[in-house]
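# Coordinates in review
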Amino acid sequence: MHSQVRGWLAHRTSRVDQWPVARMVEQKGEQRVSVVLPARDEAATIGQIVTTVREALVERAGLVDEILVVDSRSGDDTARIAESAGATVVHQDQVLADMPPAHGKGEALWKGLAASTGDLVVAIDADLHDVQPGFVSGLLGPLLDNPGIAFVKGFYHRPLIGDGVVDVDGGGRVSELVARPLLNLAWPQLAGFVQPLAGEFAARRELLEAIPFATGYGVELGMLVDVLDRVGLDAMAQVDLGVRVHRHHDLQALGRMSAQIQLAASARLARQGVLVRSPETSTLVQFRRPSVPGVGGLDREIVETDIAVKDRPPLREVLDRRRPVAG
Ligand SMILES: O=c1ccn([C@@H]2O[C@H](COP(=O)(O)OP(=O)(O)O[C@H]3O[C@H](CO)[C@@H](O)[C@H](O)[C@H]3O)[C@@H](O)[C@H]2O)c(=O)[nH]1
Ligand SMILES: O=C(O)[C@H](O)COP(=O)(O)O
């Protein structure tokens with residue numbers, strides 16, 4: 001491991017219990033905090049997450065000022081449940097609605113940044129079971145404690161849960177098989193992040209508004225690379241949040257997620273001059289067991305998926321272009 005990374009790990013890694021809510025409230029002062037939850041078809045979990053954050057951190061502690069759920073084209077009751085649990089809900093395509101729409105988690109997060117108002121923004125995935133208030137206060141800890149920190153990523157143990165069997169550290173398959181090897185190869189300064197794809201992070205608004213956002217599932221890896229580029233490793237930190245349990249996707253869906261992450265990485269490698277060019281789209285060919293026996297030598301169904309990840313520009317540039325010119 002790079003010696004800079006070893007030093008960073010020692011100085012910029014902390015645990016959730018080092019950041020008690022009461023102290024965070026004192027250190028918050030006049031700053032405003034938004035919790036943003038991108039959510040697509042999360043009716044099963046969104047109500048519980050919003051209720052936990054609202055009761056513990058908005059009403060009891062006063063640490064959080066705004067809970068914003070970005071409904072990312074859900075086909076279920078996500079928006080209604082989130083609203084009844086006390087969140088403000090915006091629909092992804094209705095924020096900056098005059099811009100051509102884009103898809104996926106990164107788009108939802110970018111729209112969430114545009115629609116929220118906090119000086120500090122905390123993002124939490126909406127498919128989590130058993131979210132604790134410490135997820136939010138822990139992520140805020142390093143930001144509130146040290147003005148030199150601009151970005152904080154969560155990490156945790158990740159069980160893989162299936163059919164009554166629990167593999168205590170078997171989760172995070174895309175993180176282990178795609179993101180980590182890619183980061184170690186191309187951006188070894190980021191090798192100290194225990195969960196590079198964690199959807200749980202916090203940052204200062206001015207930083208988030210200054211970087212591009214990859215749409216889709218490229219957003220987490222793209223953000224780590226862009227934040228490193230903008231503020232350097234010493235302004236980044238990570239916090240151990242304990243254990244995180246979420247809904248698992250099947251292997252084919254994880255393959256499509258991986259393809260989006262690779263595209264976001266390749267766009268950044270091209271921007272940094274490492275690759276000569278990066279494709280804007282690609283096709284992922286996957287093979288599936290057919291429901292009826294296949295014909296000829298290939299006993300598989302061929303599934304082709306268009307993979308497209310584009311970068312939303314830094315939000316600040318978009319907002320500045322819209323500001324009325326004085327005089
Ligand atoms: O079109 C979409 C797809 C997902 N989501 C939301 O994004 C979050 C994470 O999506 P999910 O499908 O649950 O991703 P994971 O399987 O948990 O994937 C991991 O890896 C992804 C790729 O890096 C990260 O974006 C995730 O945050 C991280 O948890 C959830 O709240 C989703 O509802 C959207 O808002 N819009
Ligand atoms: O973050 C990841 O690596 C993917 O979301 C896969 O997670 P899982 O292996 O826990 O389903």
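Each chain has its residues counted from 1, running along the sequence as written. Chains carry letters from A onward and ligands carry numbers from 1 onward, assigned in written order. Reporting of local features is limited, given that this is a predicted model, to residues whose pLDDT is at least 70; pairs of side-chain atoms are given and counted only at 80 or more, and all residues count toward the totals for whole chains, interfaces and linings. To obtain the side-chain values, all non-hydrogen atoms of the structure were used and water was disregarded.

Another aspect to go through is the pairing of strand E10 (residues 201–204). Working definition: with a 1.4 Å probe on protein chains only, accessible area under 20% of the residue-type maximum means buried, over 50% means exposed, and in between means partly exposed. A run of H or I in DSSP counts as a helix once it spans at least four residues, and a run of E counts as a strand once it spans at least two, with each numbered from the N terminus. The side-chain alternation of E10 yields two buried faces, one formed by Phe-201 and Ala-203 and the other by Ala-202 and Arg-204. Two strands form a pair only when DSSP identifies at least two bridges running between them. Pairing geometry for strand E5 (residues 120–123) and E10, over four bridges, is antiparallel. Paired with Leu-120 across the two strands is Arg-204, which belongs to E10.

UniProt positions are given in the numbering used here, feature names are shortened, and annotations may be inferred rather than shown by experiment. When the UniProt feature table is mapped onto this chain, "domain: Glycosyltransferase 2-like" (unreviewed entry) is found at residues 34–152. Taken end to end, residues 34–152 comprises 39% helix and 20% strand; its first and last C-alpha atoms sit 15 Å apart.

Moving on, we come to helix H9 (residues 219–231). One fewer than the residue count of a helix, multiplied by 1.5 Å, yields its expected span. End to end, H9 covers 18 Å across 13 residues, agreeing with the expected 18 Å (1.5 Å per residue, within 8%). Within H9, 10 of the 13 residues are buried, leaving the element largely enclosed by the surrounding structure. Following H9 by one or two positions, Gly-232 has its phi on the positive side, about 85°.

The next subject is the pattern of salt bridges. Each salt bridge in this description consists of a side-chain nitrogen of Lys or Arg and a carboxyl oxygen of Asp or Glu lying within 4 Å of one another. On inspection of all chains with the given rule, the structure shows 27 salt bridges. Arg-80 is the partner of Asp-77 in a salt bridge, and the nearest nitrogen-oxygen pair spans 2.8 Å. One salt-bridge network, held together by shared partners, links Lys-105, Asp-125, Lys-153, Glu-200, Glu-220 and Arg-244.

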